[in-house]
Amino acid sequence: ELLERVKKGGGENAIARHTQRNKKLFVRERLRLLLDRGDFLELSPLAGLDMPYGDVPSAGCLTGIGRISGVWCVFIASDATVKGGTIYPIGVKKQLRAQEIAMENRLLSVHLVDSGGAFLPLQSELFPDKLHGGRIFYNEAIMSAMGIPQVAVVCGSCVAGGAYVPTMAEESVIIDKIGTLFLAGPPLVKAATGEDVSPEDLGGARLHSQVSGCSDHFAPSEEEAYECIRNVVSTLNCDPVPEQDREPDSPLYSPEELLGLAPPGYSCTLPVKLILSRLVDGSRFQEFKAAYGTTLVTGFGHVEGHLVGIVANNGELAHDAALKGSHFVQLCGQRGIPILFLQNTAPQPAGPASISQAHSNRLKAQASMMAAVACAAVPKITIVTGGCFGSDSYVMCGRSFSPNFLFLWPNARVALVDSQHFPTVPPAGDWTGEELELKDLKAKGMDFPVSCHFFPLLCCFYCALKPVQFCALSRLEEESSAFYSSARLWDDGIILPQDTRKV
């Protein structure tokens, strides 16, 4: 339901204005004309929902990975039906993440620019810091130096900072009567100089393709612009994706069954081999150290014909499991094999014995595995299939450890602590809460008769703690959901369990 909602951008009325009054194509229609036929991977489609400054569907831009003339690319396409193309902080973050993916994987970057500039009331979250809007232009320069091609289509307004995106690209196309490019639009020119000027005269397609030279190609229509970009890509001397010699084997068990295998609760674990049998080619999995550290499953398998090392939670990440994981990750690093992490850890309530074990053994072993994961110079993909809490998020290559991609199942929970084990303040022995407070004050020399007026205040204070604790618990429950995470771009999107193999 949420995915269908964000696919409509700013809503049906905004789409009607965009396509009928402004004579432009909707952003998803633009991608259909640009990309090769077939599915593309859209990244973070739920970004921007329920933000403090309101809903910004898909963060105001579509990003993802697809193919153009057989060449893999990362696309960044503005959606002008959302807030008139205005850029919000979450939109900047989404574009920076797309550029990061392009740099890590050395993929062609394609910009479809239709931007109204920054949302000025939030300029302090858009402009001044290192990872704010200016970083987009910095990344463009760095990618060019790395030899990563970048092309752009000016398919709408490019105002203020947005004007630098196509100007810094290696080749750009501007569309007649639709594309405009300027640092300040006609209203600001009027306010500053009193001069009336049309958008076409100030920064239209003919001006920039014939006079300023800011654009390299002139296109009479959108359809011709995207055909021009496809022709440009074919001259970039990028190798197209080679066709596979044969189709990879399907799992023996249907991946559609993964939807029913998603853990219904976050305090329970799922036998992870049930997932693996529906994920790897032919359900073939070469397990590593099968009898040791059984709460972590490690081994090799093929996914869509690609050899990968798999590290999957199968319960609490104990000392021996962490040592096993460290050994296996190092093996993958030495052999140059990409690693797939499947996170599903449900923490157990800590008792005296487990606390002792955690401090004596588990901490050192997990630190060793963290170091191995951080230093493994191979592609890493993380999928959170259930709960992932606390230090296990780091050990299993969470966002802090920079996986190449991180996806969540809809049921996933990611938080510092599990809400079901949220710390409480239980009474000691038979003491009530009020008696504990009174006992503590007496121990500090503050003795007074029970009839004193202060005792009812203690009762009120104790009772006030209960709704505060409930509020904190409710907030933790909300903030650990997959949808809260994806809206803030803490991951690369929520995927359906049955689509895991395709992604």
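What counts, and at which threshold
Here the residue index of a chain counts from 1 through its sequence in written order. With the structure being a predicted model, the display of local features is reserved for residues of pLDDT at least 70 and the display and counting of side-chain atom pairs for 80 or more, all residues being used for whole-chain, interface and lining totals. In computing side-chain properties, one takes all heavy atoms of the structure into account and sets aside hydrogens as well as water. In this analysis, the protein atoms alone were mapped onto a 1 Å grid. Cavities are point sets where a 1.4 Å probe fits without being able to get out; pockets are open sets with protein on both sides within 12 Å along at least five of seven lines; lining residues have an atom within 4 Å of a point. Grid points are joined across faces, edges and corners, and a volume is the space filled by probe spheres set on the points. By the criteria applied, helices consist of DSSP H or I runs no shorter than four residues and strands consist of E runs no shorter than two, each listed in order from the N terminus. Only protein chains enter the accessibility calculation, which uses a 1.4 Å probe. A residue is then buried if its area is under 20% of the maximum for its type, exposed if over 50%, and partly exposed in between. Strand pairing requires that DSSP identify at least two bridges connecting the strands. Convention used here: a crossover is right-handed provided that the path from the first strand, over the helix, to the second strand proceeds clockwise when the strands point away from the viewer. Like-charged residues within 9 Å of one another, or nonpolar side chains (Val, Leu, Ile, Met, Phe, Trp, Tyr) within 5 Å, are grouped into patches, provided each residue has over 30% relative accessible area and no salt bridge. Using a 1.4 Å probe, the Shrake-Rupley method yields the accessible areas, and only the shown protein chains count as cover for residues. When a carboxyl oxygen of Asp or Glu is within 4 Å of a side-chain nitrogen of Lys or Arg, the pair counts as a salt bridge. In this context, the arc is that of the directions from the helix axis out to the C-beta atoms. Residues count as neighbours in contact if any of their non-hydrogen atoms are within 4.5 Å of one another. The axes used here are C-alpha line fits, helices contributing only the stretch in contact, and every angle between their N-to-C directions lies in the interval 0 to 180 degrees. Given the number of residues in a helix, its expected span is that number minus one, multiplied by 1.5 Å. By convention, a stacked pair of Phe, Tyr or Trp rings (six-membered ring in the case of Trp) has centres within 6.5 Å and planes under 30 degrees apart, an edge-to-face pair has planes over 60 apart, and any other such pair is tilted. A positively charged side chain is recorded as over a ring if its NZ (Lys) or CZ (Arg) lies within 6 Å of the ring centre. The angle to the ring normal must also be within 35 degrees.

1. With respect to empty space enclosed by the protein
Take a probe with the size of a water molecule and roll it over the atoms, and the empty space left behind shows itself.
Right, on to step 1. This model, assessed by the stated rule, comprises one cavity of 30 Å³ or more.
Right, on to step 2. If you go around the largest cavity, the residues you meet are Leu43, Ser44, Thr63, Lys94, Arg97, Ala98, Ile101, Leu489 and Asp492.
Right, on to step 3. When residues in the lining of the largest cavity are grouped by element, the largest group, four residues, is from helix H4 (residues 89–105).

2. Comments concerning the pairing of strand E5 (residues 150–159)
Right, on to step 1. Within E5, nine of the 10 residues are buried, which leaves it mostly tucked inside the rest of the structure.
Right, on to step 2. Pairing analysis gives six bridges linking strand E4 (residues 108–115) to E5, with the strands arranged parallel. The residue bridging Val113 from the neighbouring strand is Val154, located in E5.
Right, on to step 3. With respect to chirality, the unit in which E4 leads through helix H5 (residues 134–145) into the neighbouring parallel E5 is right-handed.
Right, on to step 4. Pairing of E5 with strand E6 (residues 171–175), which is carried by four bridges, proceeds in the parallel orientation. Its bridge partner being in E6, Val151 is matched across the sheet by Glu171.

3. Overview of a nonpolar patch on the surface
Right, on to step 1. Together, Tyr164, Met168 and Leu183 make up a nonpolar patch on the protein surface, roughly 280 Å² of accessible area in all.
Right, on to step 2. With respect to the element layout, Tyr164 can be found in helix H6 (residues 164–168).
Right, on to step 3. When its relative accessible area of 39% is taken as the criterion, Tyr164 is described as partly exposed.

4. Some details on helix H2 (residues 12–21)
Right, on to step 1. For H2, the set of buried residues is Ala14, Ile15 and His18. When H2 is viewed along its axis, its buried side chains cluster within an angular range of 100° and face the same direction. Across from the buried face of H2, at angles greater than 90 degrees, the exposed residues are Glu12, Asn13, Gln20 and Arg21.
Right, on to step 2. Structurally, H2 contributes buried residues whose contacts are with helix H3 (27–34) and E4.
Right, on to step 3. Looking one or two places after H2, you find Lys23, whose phi comes out positive at around 60°.

5. A short note on the sheet that holds strand E9 (residues 286–288)
Right, on to step 1. Read across the open sheet, the six strands follow the order E9-E10-E11-E12-E13-E15; overall the sheet is mixed. Both edges of this open sheet fall to E9 and strand E15 (405–408), since each of them pairs with a single strand only. When the angles between neighbouring strand axes are averaged without regard to direction, this sheet yields 20°.
Right, on to step 2. Of the strand pairs in this sheet, E9 and strand E10 (residues 296–303) are connected by three bridges, and their pairing is antiparallel.

6. Observations concerning H5
Right, on to step 1. Helix length check: H5, at 12 residues, gives a terminal C-alpha distance of 17 Å against a target of 16 Å (1.5 Å per residue), a fit within 8%.
Right, on to step 2. Looking at H5, one finds that the buried residues are Ile136, Phe137, Asn139, Glu140 and Met143. Taken down its axis, H5 places every buried residue within 155° of arc, on the same side.
Right, on to step 3. As for H5, its buried residues are in contact with H4, E4, E5 and H6.
Right, on to step 4. One or two steps after H5, the chain reaches Gly147, where phi turns positive at roughly 80°.

7. Examining the environment of Leu258
Right, on to step 1. Its place among the elements puts Leu258 in helix H11 (residues 258–261).
Right, on to step 2. Residue classification places Leu258 among the buried residues on the basis of a relative accessible area of 1%.
Right, on to step 3. Separated by 239 residues in the primary sequence, Leu258 and Pro497 have C-alpha atoms spaced 5.4 Å apart.
Right, on to step 4. The contacts of Leu258, once residues within four sequence positions are left out, are Ile275, Arg278, Trp409, Pro497 and Gln498.

8. Structural notes on the packing of aromatic side chains
Right, on to step 1. Per the stated rule, a full pass over the model turns up nine aromatic pairs.
Right, on to step 2. Summarising the aromatic geometry, the rings of Tyr88 and Phe119 are spaced 4.6 Å apart at their centres and angled 15° between planes, so their arrangement reads as stacked. Taken as a pair, Tyr88 in the loop between strand E3 (71–78) and H4 and Phe119 in the loop between E4 and H5 lie far apart in primary sequence, 31 residues in all.
Right, on to step 3. Taken together through their ring pairs, the aromatic side chains of Tyr53, Tyr88 and Phe119 make up a single cluster.
Right, on to step 4. Seen from the ring of Trp72, Arg67 lies directly overhead, with NZ or CZ sitting 5.0 Å from the centre.

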